[in-house]
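Report on the structure
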Amino acid sequence: MATTVMIVDDSLFMRKMLRDILTEEGYEITAEASDGEEAVLKYKECRPDLTTLDIVMPNKTGIEALQEIMAFNPQARVVMCSAIGQESLTTAATQAGAKAFILKPFNPELVARVLREVAEG
Amino acid sequence: MDMSQYKNLFLSESREYLRAIAEQVVALEQSPAEKGAIDSLFRAAHSLKGMAASMEYGEVVLVAHGMEDLMARVREGALEFGAGVADLLLEGVDLIDALLADVEADRVESRPTEDYAQRLAGYTPAPRGKEAPEPPRDSPKPTPAPPEPEKAKEPSGETGGTVRVKTELLDHLINLTGELVTNKHRLLNIGRELGSPALNDAVSETAKLLRALHDEVMKVRLMPFEAICDRFQRSVRTLAKKSGKELQFELTGREIGLDRGILEQLVDPLNHILRNAVDHGMEESAERVAAGKPARGVVELSVIRDRDRIQIRVRDDGRGMDPQKMIDAAVKKGVITPEEGELLSPRQALMLSCMPGFSTAKEVTDISGRGVGMDAVNAAVQKLGGTLGIESDPGAGSTFTLRLPMTIAIIHALIVQCGGVKNAVPVTAVHRTVELSRRQIETVGKRQTFLLDGETIPLLSLNRVLGLPLGRFPDGILPLFVTEAKGRRVGIVVDRLLGQHELFVKPFGRPLSKMAGLAGGATLGDGEVVTILDLADLL
């Protein structure tokens, strides 16, 4: 069975790009969310194997959403998406339980490799 | 990865972010400490930067990055959100907008992005007091606190079960639905000829379904008023600044949906009315204070839905218009005769502003230009099947009300016969129909008129306007309909009134589209083609 992924980003453009990259890699995109609040709700509903979570979002930031997801499922595998220049936020995210980071703009090979590593634990 | 496939999505989403930024900037100017708006501005610039970086559009990245950093400074409290910041952000919006247009057209232009980014990075606000002058303290009434600005919506993607559809596809659907309506009338005719109750039943059932289909398809074409309102916020802001007037712009009803086609046609007329309100309607602060009004004027743009019609209102609390002064000015300019002036009601006098070549501004400013305008506004509104109303209270302000249909493609029209030609007039333009006896016609000077509800109404022959042979009326009864032209009621005489009909309007192609007075064509149930007249243009 294909590994399921939920993509969270407030930009439709970014979600579409990630969806294309991950579908190409054989992942099954089971949910998408466009803000932090929706991400938490959908996570509880869909229980994806992997979640990609943007940091800068409305209605709960990525970090806040991450904390709630980890509280709901401490085994959750969440990869944070961040832009260059947001390195200061990575500590907070790692402490909250993020498994890895992917940087925007996305490099398809890098994204694929990071997700594979996180999926395989 | 081939990024060209993402170009359209990039462009459309980027423009949504730009619109959101422009709205938030204006909102923040009215309540600069609104944290939600500050965050939202920051996020929009941040998202723009990320998207542009993915597409490798370096110049967009540079500008968006600068805006993001500026907002980060505001967010951290290092910088106050003032007019200087607002100006810079709006400049950035315009710059990115231009860059996006370049991208869309595959064009390489040189834009001052470097210079802009440097100015952003080095920005420090002007010393306090210079940037925003305080209103005079001795004003008799305190300026009311501005209400919380409406929060502009975040641009949203296709979550929540919605999809993006090409507009051509929607137009196709409308077209097909329209053709079905025409065909229904054909079936009705056949049913009548055959006298088959079963067929009639089936057709009337189909008619019900078609009505439902039409309503649903029309809903798809609806777009929220929001889609155009950021332009108004910006233009009012710019105008107020340019004319040195202090005012507050209030906008309500941005969520109300209108047909896309109507929405596009509304931008210019509304901009014009708003310009007039700021430029001519609104007094200088000193004049307002002297008149016992708050120093800060208010211009309101509100949209409300009234069953299947939309009402758009622009109201200002400025100096208002004096009907008698309007009449005097019109007489002086030779637009009307003194005798005509005496017959006008206050409402009609205000509508004089819609006559070509009429302007009440004491002086011409470079903002509103030279009196072009209200006649064009009125014509545009009528073309959309709507009406324009003007109310004014001298000293207290003016209100311009546009009443518009929500959708346009299918209209109810009065079908009239002139010579061998059938014409259609949208019922929204028809005040009433009259069958006039020849004895009731009075001749005033060269004009023929008749009396309706105590008002003298001039008569015009539609045959003459269209260059057709004049009707004879052997029984001495002239059929006519009453409409409004240039702010006044006129009676339009035709050969016969054939009744109301539901029509699916199709625009004419060239060269017919170039002809004045024609709004389009439609097919009747029996296959006959009728011309839909644009009376505002024709008369």
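Residues numbered from 1 in each chain as written. Chains lettered and ligands numbered in written order. Predicted model: local features only at pLDDT ≥ 70, side-chain atom pairs only at ≥ 80, totals over all residues. Heavy atoms only, no water.

Our next topic: the overall build of chain A. Counting its regular elements, chain A contains 5 helices and 5 strands. For chain A, the N- to C-terminal ordering of α and β elements is β-α-β-α-β-α-β-α-β-α. A burial count over chain A gives 54% of its 121 residues as buried. Within chain A, counting contacts between residues at least 6 apart in sequence, those at least 24 apart form 60% of the total. As displayed, chain A offers around 5,300 Å² of accessible surface, 49% of which is attributable to carbon and sulfur atoms. (Helix = DSSP H or I, 4+ residues; strand = E, 2+ residues; numbered from the N terminus. Buried < 20%, exposed > 50% of the residue type's maximum accessible area, 1.4 Å probe, protein only. Contact = heavy atoms within 4.5 Å. Areas by Shrake-Rupley, 256 points an atom, 1.4 Å probe, with all protein chains shown as cover.)

In this section: the sheet that holds strand β5 (residues 100-104) of chain A. All names here are of chain A. Reading across the sheet, the 5 strands line up as β2-β1-β3-β4-β5 and stay open at both edges, with parallel pairing between neighbours. Where the open sheet ends on each side, the last strands, each with one partner, are β2 (28-33) and β5. Here the strands of the sheet are splayed against their neighbours by 20° on average, with no regard to which way each runs. With 5 bridges joining them, strand β4 (residues 78-83) and β5 adopt parallel strand pairing. Paired with Met 80 across the bridge in β5 is Phe 101. Sheet contacts for helix α5 (residues 108-120): β3 (50-54), β4 and β5; angle to β5, the most-contacted strand, approximately 165°. (Pairing = 2+ DSSP bridges. Axes fitted to C-alpha atoms, helices over the stretch in contact; angles between N-to-C directions.)

Right, let's get into the interface of chain B and chain A. The interface is formed by 23 residues belonging to chain B together with 22 residues belonging to chain A. Carbon and sulfur atoms make up 68% of the surface buried where chain B meets chain A, a total of about 1,800 Å² over both sides. Where chain B packs against chain A, one counts 0 salt bridges. Here chain B and chain A share 6 residue pairs in polar contact (both at pLDDT 80 or more) between them. A per-element tally of the side of chain B that touches chain A places helix α2 (residues 35-55) of chain B first, with 10 residues. (Buried area = accessible area lost by both parts, 1.4 Å probe. Salt bridge = Lys/Arg side-chain N within 4 Å of Asp/Glu carboxyl O. Polar contact = N/O pair within 3.5 Å; in protein donor to acceptor, adjacent residues only side chain to side chain.)

Another point: the nonpolar core. Most often, soluble globular proteins keep nonpolar side chains buried together rather than apart. Of all hydrophobic cores here, the largest spans 88 residues; its most connected members are A:Phe13, B:Met67 and B:Phe81. Setting aside anything within four residues of it in sequence, one finds A:Phe13 in contact with B:Met3, B:Tyr6, B:Leu9, B:Phe10, B:Glu13, B:Met51, B:Ser54 and B:Met55. (Core = buried A, V, L, I, M, F, W, Y, C linked by side-chain atoms within 4.5 Å.)

A separate point is the confidence of the model for chain B. Residues and elements named next belong to chain B. Across chain B, pLDDT averages 82, with 89% of residues at or above 70. For the stretch residues 129-159, pLDDT sits under 50, and the model shows 48 contacts to residues farther than four places along the chain or on other chains. Within the model, pLDDT remains below 50 along residues 361-372, and this stretch shows 18 contacts once partners closer than five positions in the same chain are excluded. The ipTM value of the predicted complex is 0.88, and its pTM value is 0.51. (pLDDT = per-residue confidence, 0-100.)

Together, B:Val163, B:Val165 and B:Leu169 make up an exposed nonpolar region whose accessible area comes to about 280 Å². Position of B:Val163 relative to the elements: it lies in the loop between α5 (113-121) and α6 (167-194). (Patch = residues over 30% accessible without salt bridge, like charges linked within 9 Å, V, L, I, M, F, W, Y side chains within 5 Å.)

The next thing to look at is the pattern of salt bridges. Residue and element names in this part refer to chain B. Here the structure, examined in full by the defined rule, presents 35 salt bridges over all chains. Note that Asp 106 is salt-bridged to Lys 7, the shortest N-O span being 3.0 Å. On the criterion of sequence distance, the pair formed by Asp 106 in the loop between α4 (83-104) and α5 and Lys 7 in helix α1 (residues 7-30) is long-range, its members being 99 residues apart. The exposure class of Asp 106 is exposed, given its relative accessible area of 65%. Notably, a salt bridge pairs Lys 422 with Glu 528, separated by 2.9 Å at the nearest N-O pair. With Lys 422 in strand β9 (residues 421-426) and Glu 528 in the loop between β17 (518-523) and β18 (529-533), the pair connects residues that are 106 residues apart, well separated along the chain. Here Lys 422 falls in the buried class, since its relative accessible area comes to 17%.

Quick look at the packing of helix α3 (residues 58-75) of chain B against α5(B) now. How two helices pack is summed up by the angle between their axes together with the distance between the axes. Residues and elements named next belong to chain B. Following both chains from N to C, one finds α3 and α5 inclined at 10°, their axes separated by 9 Å at the closest point. Here α3 lies roughly parallel to α5, going by the angle between them. Residues Glu 59, Leu 62, Val 63, Gly 66, Met 67, Leu 70 and Arg 73 of α3 lie in contact with α5, whose contacting residues are Thr 113, Glu 114, Tyr 116, Ala 117, Leu 120 and Ala 121. When the residues that make up the contact of α3 with α5 are grouped by side-chain class, the tally is 8 nonpolar, 2 polar and 3 charged. (Parallel < 35°, antiparallel > 145°, perpendicular 65-115°, else oblique. Nonpolar A, V, L, I, M, F, W, Y, C, P; charged D, E, K, R; others polar.)

Further remarks concern the packing of aromatic side chains. Per the stated rule, a full pass over the model turns up 5 aromatic pairs over all chains. Taking the centre distance of 6.0 Å and the plane angle of 75° together, the rings of A:Phe13 and B:Tyr6 count as edge-to-face. Of the two residues, A:Phe13 is situated in helix α1 (residues 12-24) and B:Tyr6 in the segment before α1; the pairing between them involves two chains. A relative accessible area of 0% places B:Tyr6 in the buried class. On the numbers, 5.1 Å between centres and 50° between planes, the contact of B:Phe10 with B:Tyr57 is tilted. Here B:Phe10 is found in helix α1, whereas its partner B:Tyr57 is found in the loop between α2 and α3, with 47 residues between them in sequence. When sorted by exposure, B:Phe10 lands in the same class as B:Tyr57, which is buried. Aromatic rings pair up to connect A:Phe13, B:Tyr6, B:Phe10 and B:Tyr57 into one cluster. The lysine or arginine in question, B:Arg75, covers the ring of B:Phe42, its NZ or CZ lying 3.9 Å from the ring centre. (Phe/Tyr/Trp six-rings, centres within 6.5 Å; stacked < 30°, edge-to-face > 60°. Lys NZ or Arg CZ within 6 Å of the ring centre and 35° of its normal.)

All names here are of chain B. Spatial ordering of the open sheet is given by β16-β8-β9-β18-β17, a layout of 5 strands whose pairing is mixed. Both outer strands of the open sheet, β16 (496-504) and β17, are each paired with one neighbouring strand and no more. On average, each strand axis in the sheet is tilted by 35° relative to the strand beside it, whichever way the strands run. As judged from the 5 bridges shared by β17 and β18, these two strands associate in the antiparallel manner. Residue pairing in the sheet places Ala 522 in a bridge with Val 530 of β18. Of the strands in this sheet, β8 (410-418), β16 and β17 touch α6, which is tilted by about 140° from β16.

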